[in-house]
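# Structure assessment
One letter stands for each residue in the lines below.
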Amino acid sequence: MERAYEAILAATASFFIVTLLLAAIIILCHHRNSSKIPTPTTRIRTRPASHHNASLSVDASWSSDPNLIKISWEELARATDNFSPNLIVGDGSFGLVYKARLSTGAIVAVKKLSPDAFQGFREFTAEMETLSKLCHRNIVRILGYWASGPERLLVYEFIQKGNLDQWLHEPSSNDDASHDPLRFPLSWQTRVNIIRGVAHGLCYLHSLEKPIIHRDIKASNVLLDSEFEAHIADFGLARRIDNSHSHVSTQFAGTIGYMPPEYRDGVMVNVVNKKVDVYSFGVLMIETASGHRPNLPMKLDQNDIGMVQWARKMKEQNEEMKMLDASISREGLREDSVKEYVRIACECTGELQKERPEMPQVVHWLDSIPL
């Protein structure tokens with residue numbers, strides 16, 4: 001009996017020893033394998049940084065853009081006069097945008113992202129991976145970047161006349177040093193051409209093999225060059241999707257007033273597809289024609305209603321001409337042009353996604369508007 005008891009104890013002890021040895025081997029193997037997993041920051045090669053002046057060497061070999069600039073912190077700090085408030089020309093999502101002159105003499109726009117580790121890094125990655133692969137006259141072009149620790153900067157081509165929001169809503173001023181020239185009311189033809197440019201840019205994004213959904217189409221994200229050609233900017237919220245599926249996101253994306261009905265009412269799980277951008281684009285069309293901000297209520301028969309609902313009511317009452325910004329000259333303005341423009345905007349802002357057209361159809365309609 002004693003021997004049987006001793007045998008049981010010996011077997012139990014052996015089992016525990018073998019188990020401990022196996023556990024140690026498994027832990028050791030897991031640790032070795034983990035150390036070989038590449039980090040997501042292998043695109044950036046950093047050099048030892050001094051206390052105040054960090055420096056970064058950028059490996060641009062991954063980019064399809066042969067003109068991508070390798071830029072140091074020192075260069076960008078000098079170009080922006082140490083990120084002077086006097087050189088701020090815009091407020092992008094999660095960061096400020098500065099006008100800068102590089103040592104080469106080139107004028108660029110530098111976006112200094114918020115040091116918020118989560119949002120800043122996500123936007124940095126989204127913009128780099130999206131914009132570096134795009135080439136279209138109506139999409140802003142990225143030139144380079146810099147990153148170290150919590151600091152991330154993106155460098156873009158400088159678009160001379162600022163953004164559409166400024167031209168629609170900010171009063172012109174001779175003291176406005178951030179943009180030359182003095183802002184003047186945009187003509188009907190100029191507004192339609194700007195909208196056409198945005199439509200062509202969106203059509204390009206949506207027609208890629210893996211479509212890109214911008215998710216934040218709005219007036220401040222439409223930049224205007226010296227010829228008032230539109231350039232879509234700020235791709236921090238953009239998502240690539242499979243052509244045959246929608247993408248579901250738990251991130252609250254977009255700007256109040258531009259978001260489609262399916263994004264409202266506190267719904268945080270959003271279906272991301274092309275029709276989301278189409279709706280925001282339709283809102284932008286109404287805003288550009290009327291000069292009214294989309295997040296502010298409109299008056300109709302002494303009632304406050306939303307801008308999209310207001311546009312539909314005006315169309316139903318055959319009063320499209322009354323929708324136009326008072327600053328638009330009526331001389332030579334064709335009523336059929338305005339009516340067709342408003343019709344397209346109302347089509348794009350359909351309450352249901354299935355009611356909204358695809359961007360190629362929108363481009364065809366807009367290009368056919370008589371001016």
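- As recorded in an unreviewed UniProt entry, the protein chain goes by the name Phytosulfokine receptor 2, listed as coming from Abrus precatorius.
- Among the UniProt annotations of the protein chain, the heading Sequence similarities (unreviewed entry) holds the following wording: "Belongs to the protein kinase superfamily."

## With respect to the overall build of the protein chain
- Of the regular secondary structure elements, the protein chain holds nine helices and 16 strands.
- In the protein chain, buried positions account for 47% of the 371 residues.
- Nonlocal contacts in the protein chain, meaning residues at least 24 apart in sequence, comprise 60% of its contacts between residues at least 6 apart.
- Carbon and sulfur atoms make up 55% of the accessible area of the protein chain, which totals about 19,400 Å².

## Considerations on the pattern of salt bridges
- Inspection of the entire model under this criterion finds 15 salt bridges.
- A salt bridge links E229 to R137; the shortest N-O distance between them is 3.3 Å. In this pair, E229 sits in the loop between β10 (222-224) and β11 (230-232) while R137 sits in the loop between α3 (117-131) and β7 (142-148), placing the two residues 92 residues apart along the sequence.
- For R137, a relative accessible area of 57% translates into the label exposed.
- A single salt-bridge network, built from bridges that share partners, covers E320, E335 and K339.

## A short note on helix α8 (residues 335-348)
- Relative to the 20 Å expected for 14 residues at 1.5 Å per residue, α8 spans 20 Å between its end C-alpha atoms, a close match to the ideal helical length.
- When α8 is considered as a whole, its buried residues turn out to be S337, V338, Y341, V342, I344, A345, C346 and C348.
- In this structure, the buried side of α8 is in contact with α5 (188-206), α6 (274-290), α7 (307-316) and α9 (359-367).

## Thoughts on empty space enclosed by the protein
- If you walk through the whole model with that rule in mind, you get one cavity of 30 Å³ or more.
- Volume-wise, the largest cavity comes out at about 50 Å³.
- Class assignment of the residues belonging to the lining of the largest cavity gives a composition of seven nonpolar, three polar and two charged.

## Description of the packing of aromatic side chains
- Considering all chains together, one arrives at seven aromatic pairs under this definition.
- Ring geometry for F83 and Y98: centres 5.4 Å apart, planes at 70°, overall edge-to-face. Placement of the pair is F83 in the loop between α2 (73-79) and β4 (88-92) and Y98 in strand β5 (residues 95-101), with a sequence separation of 15 residues.
- Between F184 and F228 the ring centres are 5.9 Å apart and the planes differ by 65°, which places this aromatic pair in the edge-to-face class. Taken together, the residues span a long stretch of sequence, with F184 in the loop between α4 (164-169) and α5 and F228 in the loop between β10 and β11 at a distance of 44 residues.
- You can call F184 partly exposed: its relative accessible area is 41%.

## Brief notes about the UniProt feature "binding site: ATP" (unreviewed entry) in the protein chain
- In this numbering, the UniProt entry assigns the feature "binding site: ATP" (unreviewed entry) to K112.
- Assignment of secondary structure puts K112 in strand β6 (residues 107-113).
- Excluding its chain neighbours within four sequence positions, the residues that come into contact with K112 are W73, F83, F94, G95, L96, Y98, E151, R152 and L153.

## Here we look at unusual backbone geometry
- Backbone geometry at D81 places phi at a positive 55°, although glycine is not the residue there.
- Mapping D81 onto the fold places it in the loop between α2 and β4.
- The exposed category is assigned to D81, whose relative accessible area is 54%.
- In this model, D301 sits at a positive phi of 55°, which is unusual for a non-glycine residue.
- Relative to the helices and strands, D301 resides in the loop between β15 (298-300) and β16 (303-305).

What counts, and where the lines are drawn
Residues numbered from 1 in each chain as written. Predicted model: local features only at pLDDT ≥ 70, side-chain atom pairs only at ≥ 80, totals over all residues. Heavy atoms only, no water. UniProt positions renumbered as here; feature names shortened; annotations may be inferred. Helix = DSSP H or I, 4+ residues; strand = E, 2+ residues; numbered from the N terminus. Buried < 20%, exposed > 50% of the residue type's maximum accessible area, 1.4 Å probe, protein only. Contact = heavy atoms within 4.5 Å. Areas by Shrake-Rupley, 256 points an atom, 1.4 Å probe, with all protein chains shown as cover. Salt bridge = Lys/Arg side-chain N within 4 Å of Asp/Glu carboxyl O. Expected span 1.5 Å × (residues − 1). 1 Å grid on protein atoms, 1.4 Å probe; cavity = no way out; pocket = protein on both sides within 12 Å on 5 of 7 lines; lining within 4 Å. Points joined across faces, edges and corners; volume = space filled by probe spheres on them. Nonpolar A, V, L, I, M, F, W, Y, C, P; charged D, E, K, R; others polar. Phe/Tyr/Trp six-rings, centres within 6.5 Å; stacked < 30°, edge-to-face > 60°.

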